[in-house]
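Reading the structure
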Amino acid sequence: VQLQASGGGLVQAGGSLRLSCAASGRTYMGWFRQAPGKERVFVAAIRWDGGITHYADSVKGRFTISRDDAKNTVYLRMNNLKPEDTAHYYCAANQYRVPMDSDAVDYWGKGTQVTVSS
């Protein structure tokens, strides 16, 4: 499975960005992020077979994960961004389970940088 993430950038606090991740196969997909000097942590995930979504507490109510089955693409809409959201965001995919544990991810994308200025 090949993953291609895009959509990162520099935005002011309170602003919005949308990340995209195109997958070459049909998988369960999600997003993780890693700030400098910190561990890679779960952000959001979505099931292909039911559209059930999962979010980290830190992003609930601000981020929305969605998917376009026809394009095999997952999106992460990020609203009301905060400086603490600054990180490298990685797209993740699993064949048989929702990717919520960074130690149990089958495929990683290269990621995209999100920087939120105060």
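Let me sum up the structure you'll find in this document.

Reading the values: rules and limits
- Residues numbered from 1 in each chain as written.
- Predicted model: local features only at pLDDT ≥ 70, side-chain atom pairs only at ≥ 80, totals over all residues.
- Heavy atoms only, no water.
- Disulfide = S-S within 2.5 Å.
- Helix = DSSP H or I, 4+ residues; strand = E, 2+ residues; numbered from the N terminus.
- Buried < 20%, exposed > 50% of the residue type's maximum accessible area, 1.4 Å probe, protein only.
- Salt bridge = Lys/Arg side-chain N within 4 Å of Asp/Glu carboxyl O.
- Core = buried A, V, L, I, M, F, W, Y, C linked by side-chain atoms within 4.5 Å.
- Pairing = 2+ DSSP bridges.
- Axes fitted to C-alpha atoms, helices over the stretch in contact; angles between N-to-C directions.

The next thing to look at is the state of the cysteines. Inspection of every chain in the model, using the stated rule, returns 1 disulfide. Each disulfide pairs two cysteine sulfurs, and for Cys21 the partner residue is Cys91, the sulfurs being separated by 1.9 Å. On the S-S bond that ties Cys21 to Cys91, the torsion sits near -90°, and the link is left-handed. Here Cys21 is found in strand S3 (residues 17-23), whereas its partner Cys91 is found in strand S9 (residues 87-94), with 70 residues between them in sequence. Assessed through its relative accessible area of 1%, Cys91 is described here as buried.

Positive phi, close to 50°, is recorded for Asn72, a residue that is not glycine. Along the chain, the position of Asn72 falls in the loop between strand S7 (63-68) and strand S8 (73-78). The backbone of Asn80 shows a phi angle near 50°, a positive value even though the residue is not glycine. Among the secondary structure elements, Asn80 is positioned in the loop between S8 and S9.

Bringing the pattern of salt bridges into the picture now. Pairing of side chains with opposite charge becomes possible as their charged atoms draw close. Within the structure shown, the criterion is met by 5 salt bridges. In this structure, Arg67 and Asp69 form a salt bridge, with 3.7 Å as the shortest nitrogen-oxygen distance. Since its relative accessible area comes to 30%, Asp69 is described here as partly exposed. Sharing partners across several salt bridges, the network here consists of Arg33, Arg62 and Asp85.

Attention now goes to the nonpolar core. Among the nonpolar cores identified, the biggest contains 34 residues, and Met29, Trp31, Val43, Phe63, Leu76, Met78 and Tyr89 are the most heavily contacted of them. Residue assignment for this core shows that the elements contributing at least two residues are strand S1 (3-6), S3, strand S4 (28-34), strand S5 (40-46), S7, S8, S9 and strand S11 (112-117).

On to the sheet that holds S3, then. Sheet strands pair by backbone hydrogen bonding; their relative direction is either parallel or antiparallel. Read from one edge of the open sheet, 4 strands run S1-S3-S8-S7, paired in antiparallel fashion. Two strands bound the open sheet, and with one partner strand each, they are S1 and S7. The mean inter-strand angle of the sheet, taken between neighbouring strand axes irrespective of direction, is 15°. With 4 bridges connecting them, S1 and S3 associate as antiparallel partners. In the sheet register, Gln4 faces S3, and the bridge partner there is Ala22.

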